[in-house]
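Residues per chain are reported as follows:
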Amino acid sequence: MMDVLLVLLALTNLALLGSSRLGACINTVALQGVLLALLSLFAPTGECSLRLVVLSIGMLVLKAFVCPWLLRRALRGARVSREIEPFIGYTASLMIGLLALGLSFWLSERFPRLRPDLSPLVLPVALATVFSGLFLIVSRRKALTQALGYLVMENGIFAIGVALSQELSFLVELGVLLDVFFAVFVMGITLFHIQREFDHIDADRLSSLKDWSGRFPKMAFDSETKILREGHE
Amino acid sequence: MIWTLVLVPGIAGFLAFLLRSDRPRRILLLAAALAHAVLTAVVCLEGPQGLPGDWLRLDELGVLFLPLTSALFLAAAWYGVDYLAHEVHGPQRDPEEGALFSNEPEAIFIGCLLFFLTTMTLVILSQHFGLLWVSVEATTLVSAPLIYFHRHHRSLEATWKYLLVCSVGIALALLGTFLLALAASRPGCEHVPLLVQRLMDDAGGLRAEWLKVAFVFFLIGYGTKMGLAPLHTWLPDAHSEAPSVVSALLSGALLNCAFLGILRVQQVCVAAGEGAFGRDLLVLFGLLSMGLAAVFILRQPDFKRLLAYSSVEHMGIMALGVGLGGVSAFGAFLHALNHSLTKGMLFLIAGNILVLYRTKAVADVRGVWRVLPVSGALWMLGFLALTGSPPFGPFLSEFTILKGALEQGRGAVAVAYLFFLALAFVGMASAILPMAQGAPREFSEKPSGERLGSIVPPALLGAFVLMLGVYVPEQLQTAIQTAARAVGGP
């Protein structure tokens, strides 16, 4: 059961990396939310406490339904439905996703195994999810995909928590969940404002604030070239 | 008793959303800030104390940072009320690009300001690493709407960067929290609760290698929020686009709170005998921040960004001081006080300049001294204080850090430190001196006199900075020494 969930989780990561349709990406992230809720319910062996059920249901509701709904609503006004020209292409992204999975397996060898009863797949898949989230944030143009990347990364970190069987405490976990929800809530509102203000949701065109334009600062000879250019025009 | 510190601004924040008209809401902001300050004073005089269960406790670090945050918030609230009363309502022209924009509803602004105070108080008081994480992330979320007060595309861009960069950074700190739990766990044993005191008592049983990994994640995570280079990218944008009141709070209060997160882990590391590892990293990041900030301070055309980069520089100084340890750690805590007060004052004055000149370009602002005599004088004094000139507080604290570095025989660090300070001084001087002097340009409308509400709060902050340079009260000295010892000082 656990292994099926984990393999599915790994596949959702790859699907996210290889998909260009924003709507499909949101659905995939929602599916990840369902998988994580199930994972958190089944991972700890032994008694099925009330605390566990409450957390899993909370996670299911917030991560699988509310957050995707918020993001979809932010998307509705925008006319875009596809990620256009990511910085790194889909095939290359998939390759990197597979590489990240391999790296995660290698990394997780080095962790101590605190819970021998837990599937050995948990930690590598969780790490790969964190990597995928980070990669989505840096390699995509759309602000929406970046928000999705944040959500995926957060999912991965949560799964690492499950893998290391580190329960913080009921209140804290509830707090973490609420924080993630509010983060997506605020991001959703900001996204809505971005697409209304700019008529696009491309994060790479949010670039009017910077100190380093990639060129060297104006030197004395700049004024000469400017005169030359003006003369030319 | 200390739970009231969290509760009072929290309830006031909810009320701010419910109130219908602006005036009572502004009075509510002032009242809540005042109540928080009074409660802080009472609690601090009672000394360190905690709630049963020890999740919230005013410890030796909190005793230092809580009054600082509270005082700065009170000054900012006073200034903010005056600012809001005179801010244009309805659509206005963007002075930089000419497009129309309007401001955020005041209910959201004041409500979020109060929640900001609540979450920062929670960060300072929380003793549980999980709760610490939750409250640090919450500060990001409630302060994002504050940055987007002027609703135009530049502030929107700054808000998005702030949200994303800080959230991702802080998410890494959550990973650090899990790794810390891993370091504390033993096979077949009960979970050790992640309370600072419990971990320190149990420090012998921590797995050193995982503690180190956890520290790295905490440093990167909270370091992003604190503005340590090269993770500072959100900071200049957010500080320059937010209204000046918010910039003052972000720089003076929020960055300290993030630093506190790193200090708490360092406390655990020191207790476990791994303090040297964290110290070296802090020295490295400190010098890097100072150097990078100094480069961007030179030839900086925007005076609010100038102040923002100077915050990066001073965070670097603080990290360096704690990293060096000993006398320098004492200097670092003193510097945290000095920097917050000075930077708060300078951002508030920058707000006054911005309101009159309607530009953030250094080149377009001349003759502040003549048009706004009090603000101009404070601007100059603030510059002198910030760059570490005697007799102001930062001189004393920066000198103490230098002394610590030399005592330990770390000559190379001391030379780099002095070099970066000199660079920053040159950069700040070449921007700020011409702004204060010279002949002012013609204004379309005759500038009215300076209002009390816009000069008294920064002047009070400035007076504190001067006081700290001349005389550090005995009690404060003891408090700083205790705090410095807690992170591995003398």
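None of the values given here were measured: they were computed from a predicted structure. (Residues numbered from 1 in each chain as written. Chains lettered and ligands numbered in written order. Predicted model: local features only at pLDDT ≥ 70, side-chain atom pairs only at ≥ 80, totals over all residues.)

### What to know about the overall build of chain B
Each helix and strand counted, chain B has 19 helices and 4 strands in total. In terms of overall dimensions, chain B is globule-like: its C-alpha atoms have a radius of gyration of 22 Å, near the 23 Å expected for 490 residues. Per-residue burial for chain B yields a buried fraction of 61% across its 490 residues. Taking the contacts inside chain B whose residues are at least 6 apart along the sequence as the reference set, 80% of them involve residues at least 24 apart. (Helix = DSSP H or I, 4+ residues; strand = E, 2+ residues; numbered from the N terminus. Rg over C-alpha atoms; globule rule 2.2 N^0.38 Å. Buried ≥ 20, exposed ≤ 12 C-beta atoms within 10 Å, placed from the backbone. Contact = placed C-beta atoms within 7 Å.)

### Quick look at the overall build of chain A
When you go through chain A residue by residue, the secondary structure sums to 8 helices and 0 strands. When the helices and strands of chain A are read in sequence order from the N terminus, they spell out α-α-α-α-α-α-α-α. By residue count, 42% of the 233 residues in chain A fall in the buried class. Once local pairs closer than 6 in sequence are excluded, the contacts in chain A between residues at least 24 apart make up 78%.

### A short note on the packing of helix H15 (residues 373-386) of chain B against helix H17 (residues 411-436) of chain B
Residue and element names in this part refer to chain B. Two numbers describe how H15 lies on H17: the axes approach to 10 Å, and their chain directions differ by 165°. One way to sum up the angle between H15 and H17 is to call them roughly antiparallel. Here the hand of the crossing between H15 and H17 comes out left-handed. For the pair H15 and H17, the contacting residues are Gly376, Trp379, Met380, Phe383 and Leu386 in the first and Met428, Ile432 and Ala436 in the second. (Axes fitted to C-alpha atoms, helices over the stretch in contact; angles between N-to-C directions. Parallel < 35°, antiparallel > 145°, perpendicular 65-115°, else oblique. Left-handed = near helix turned anticlockwise from the far one by under 90°.)

### Looking at the nonpolar core
Buried together is how nonpolar side chains tend to be arranged in soluble globular proteins. Ranked by internal contacts, the top residues of the largest apolar core, which has 257 residues, are Ala147, Ala159 and Ile160 of chain A together with Leu114, Phe116, Leu249 and Phe333 of chain B. The element contributing the most residues to this core is helix H6 (residues 153-184) of chain B, with 22 residues. When neighbours within four sequence positions are excluded, leucine 249 of chain B is seen to be in contact with Leu72, Phe73, Ala76, Phe116 and Leu254 of chain B. (Core = buried A, V, L, I, M, F, W, Y, C linked by C-beta atoms within 7 Å.)

### Regarding the interface of chain A and chain B
Taken together, the 34 residues of chain A in the interface contact 35 residues of chain B. Counting residues per element, the ones that place at least two in the side of chain A that touches chain B are helix H6 (143-163) and helix H7 (170-198) of chain A. For the side of chain A that touches chain B, the element with the highest residue contribution is H7 of chain A, accounting for 13 residues. Broken down by class, the residue content of the side of chain A that touches chain B amounts to 21 nonpolar, 8 polar and 5 charged. (Nonpolar A, V, L, I, M, F, W, Y, C, P; charged D, E, K, R; others polar.)

### Quick look at the confidence of the model for chain B
Residues of chain B with pLDDT of at least 70 account for 98%, and the chain-wide mean is 90. Here the prediction assigns the complex a pTM of 0.91, and the interface score ipTM is 0.89. (pLDDT = per-residue confidence, 0-100.)

### Considering unusual backbone geometry
What you tend to see is this: most non-glycine residues have negative phi, and most peptide bonds are trans. Residue and element names in this part refer to chain B. Note the cis peptide between alanine 229 and proline 230, where omega equals 0°. Of note, proline 230 is situated in the loop between helix H8 (208-226) and helix H9 (234-241). Cis geometry marks the peptide bond from proline 390 to proline 391, where omega comes out at 10°. Mapping proline 391 onto the fold places it in the loop between H15 and helix H16 (393-407). Unlike most non-glycine residues, arginine 299 shows phi in positive territory, near 60°.

### Notes on the environment of leucine 348 of chain B
Residue and element names in this part refer to chain B. Checked against the element boundaries, leucine 348 lands in helix H13 (residues 327-357). Residue classification places leucine 348 among the buried positions, given that 30 C-beta atoms sit within 10 Å. Residues leucine 348 and proline 458 lie 110 residues apart in sequence; the distance between their C-alpha atoms is 6.3 Å. Contact partners of leucine 348, with chain neighbours within four places excluded, come to Tyr79, Ser244, Ala248, Pro457 and Pro458.

### Thoughts on the packing of helix H3 (residues 62-86) of chain B against H13 of chain B
Residue and element names in this part refer to chain B. Taken N-terminus to C-terminus, the directions of H3 and H13 make an angle of 5°; their axes are 11 Å apart at the nearest point. Between H3 and H13, the angle falls in the class roughly parallel. Within the contact between the two elements, H3 uses Leu64, Leu68, Leu72, Ala75, Ala76, Tyr79 and Tyr83 and H13 uses Phe333, Leu337, Ser340, Gly344, Leu348 and Gly351. Residue composition of the contact of H3 with H13, grouped by class: 10 nonpolar, 3 polar and no charged.

### Here's the deal with the confidence of the model for chain A
Any region with low pLDDT has predicted coordinates that should not be read closely. All names here are of chain A. With 80% of its residues at a pLDDT of 70 or more, chain A shows a mean pLDDT of 79. Across chain A, the element-wise mean pLDDT spans from 39 in helix H8 (residues 220-232) up to 90 in helix H5 (residues 122-139). Ignoring residues within four places in sequence, the model shows residues 215-233, a span with pLDDT below 50, making 1 contact including any to other chains.

### Brief notes about the environment of leucine 292 of chain B
Residue position: leucine 292 of chain B is located in helix H11 (residues 275-297). In this view, leucine 292 of chain B contacts Ala229 and Pro230 of chain B; residues no more than four positions away in its chain are not counted.

### What about the environment of glycine 275 of chain B?
Residues and elements named next belong to chain B. Tracing the backbone through its elements, the reader meets glycine 275 in helix H11. Residue classification places glycine 275 among the partly exposed positions, given that 17 C-beta atoms sit within 10 Å. A C-alpha to C-alpha distance of 9.7 Å links glycine 275 and glycine 325, two positions 50 residues apart in sequence. Here glycine 275 is in contact with Gln266, Cys269, Val270 and Gly488, once residues within four sequence places are set aside.

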